[in-house]
Amino acid sequence: MYFTDRGIEELVERRADEQVSIEWLAERLRDFVDLNPEFETPIERFATYLARLDDEDDE
């Protein structure tokens, strides 16, 4: 199990019954980067990954 899996599991346990919009998620990611600028690149990569997830050109 990766270290990040613990955070993901906590997210699922605490928020599994909620539905959120992409706009809400984008704002939380911006807030996180504002508070933790050293994570700007990984967050940008994660957001790009999510944006292109179903893009057939990337396969």
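From a predicted model like this one, the values you see are computed outputs, not experimental measurements.

Q: Let's hear about the packing of helix H2 (residues 22-35) against helix H3 (residues 40-51): which residues, and what values?
A: Where H2 contacts H3, the two axes come as close as 10 Å, and the packing angle between them is 165°. With respect to H3, the axis of H2 lies roughly antiparallel. Crossing geometry of H2 relative to H3 is assigned as left-handed. Contacts from Leu25, Leu29, Phe32 and Val33 in H2 reach Glu40, Ile43 and Leu50 in H3. Within the contact of H2 with H3, the residues separate by chemical class into six nonpolar, no polar and one charged.

Q: Any chance you could break down the pattern of salt bridges for me, citing the residues and the numbers?
A: Evaluation of the coordinates by the stated rule reveals four salt bridges. Between Arg14 and Glu10 there is a salt bridge whose closest N-O contact spans 2.8 Å. Linking Arg14 with Glu10, this pair stays in helix H1 (residues 3-15), spanning four residues, or about one helical turn. Residue Arg15 pairs with Glu18 through a salt bridge whose shortest N-O separation is 3.3 Å.

Calculation notes
Residues numbered from 1 in each chain as written. Predicted model: local features only at pLDDT ≥ 70, side-chain atom pairs only at ≥ 80, totals over all residues. Heavy atoms only, no water. Axes fitted to C-alpha atoms, helices over the stretch in contact; angles between N-to-C directions. Helix = DSSP H or I, 4+ residues; strand = E, 2+ residues; numbered from the N terminus. Parallel < 35°, antiparallel > 145°, perpendicular 65-115°, else oblique. Left-handed = near helix turned anticlockwise from the far one by under 90°. Contact = heavy atoms within 4.5 Å. Nonpolar A, V, L, I, M, F, W, Y, C, P; charged D, E, K, R; others polar. Salt bridge = Lys/Arg side-chain N within 4 Å of Asp/Glu carboxyl O.

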